[in-house]
Amino acid sequence: TSNNPFSISMRGHAALMMGDSDLVQRSLSQLREKVRTEFVPPTLVGIVEWDAGNKTEAYRWFDKAFDTHERELVFLIFPAFDIVRRDPHVTEIFRKIGLKP
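Computed from a predicted model, the values in this text were never measured in an experiment.

Draft legend 1. Broad picture of the environment of Leu76. Its location among the elements puts Leu76 in the loop between α4 (55–67) and α5 (82–85). Note: C-alpha distance between Leu76 and Thr91 (15 residues apart in sequence) is 10 Å. Non-local contacts of Leu76, meaning those with residues more than four positions away in its chain, are made with Thr43, Ile47, Phe62, Phe81, Val84, Arg85, Val90 and Phe94.

Draft legend 2. Here's a closer look at the nonpolar core. Counting residues in each nonpolar core, the largest one holds 13 residues, and the members touching the most others are Ile47, Trp50, Phe62, Leu73, Leu76, Val84 and Val90. The set of elements that each furnish at least two residues to this core consists of α3 (42–51), α4 and α6 (88–97). When neighbours within four sequence positions are excluded, Val90 is seen to be in contact with Phe62, Leu76, Val84 and Arg85. Among the nonpolar cores identified, the runner-up in size contains 8 residues, and Leu28, Val40, Val45 and Trp61 belong to it.

Draft legend 3. Layout of a nonpolar patch on the surface. A cluster of nonpolar residues, Val74, Ile77, Phe78, Ile97 and Leu99, forms a patch on the protein surface that exposes about 390 Å² of accessible area. For Leu99, the position within the fold is in the segment after α6.

Draft legend 4. Representation of α6 in the model. Buried within α6 we find Val90, Ile93 and Phe94. Projected down its long axis, α6 shows its buried positions confined to an angular sector of 100°, all on one face. Exposed residues on α6 whose side chains face more than 90 degrees from its buried face are Pro88 and Arg95. For α6, the N-terminal cap is Asp87; the gap from its side-chain oxygen to the backbone nitrogen of His89 is 2.9 Å.

Reading guide: rules and limits
Residues numbered from 1 in each chain as written. Predicted model: local features only at pLDDT ≥ 70, side-chain atom pairs only at ≥ 80, totals over all residues. Heavy atoms only, no water. Helix = DSSP H or I, 4+ residues; strand = E, 2+ residues; numbered from the N terminus. Contact = heavy atoms within 4.5 Å. Core = buried A, V, L, I, M, F, W, Y, C linked by side-chain atoms within 4.5 Å. Buried < 20%, exposed > 50% of the residue type's maximum accessible area, 1.4 Å probe, protein only. Patch = residues over 30% accessible without salt bridge, like charges linked within 9 Å, V, L, I, M, F, W, Y side chains within 5 Å. Areas by Shrake-Rupley, 256 points an atom, 1.4 Å probe, with all protein chains shown as cover. Salt bridge = Lys/Arg side-chain N within 4 Å of Asp/Glu carboxyl O. Arc of directions from axis to C-beta. Polar contact = N/O pair within 3.5 Å; in protein donor to acceptor, adjacent residues only side chain to side chain.

This is the structure in structure tokens:
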């Protein structure tokens, strides 16, 4: 399996959709480790924090993505992220950048 941040994040999100909370936690651990040594797009970390049930931490990462004009934030427009995008905090970020939630 690929060990890049995008693959880890998407694997973690897919795990949530399959009900595999252990894989979500492993993916989150991998991303947290990567953040220590390399740049990881904040949206990718926020997605897996969300998937792990850490909404406050996910909000922090999504806010960082917004503040730094991170392009990966637009990934949240895809249907796989509907549950994230419907959250009022994320909806507000979308409103600020001019995207329909």
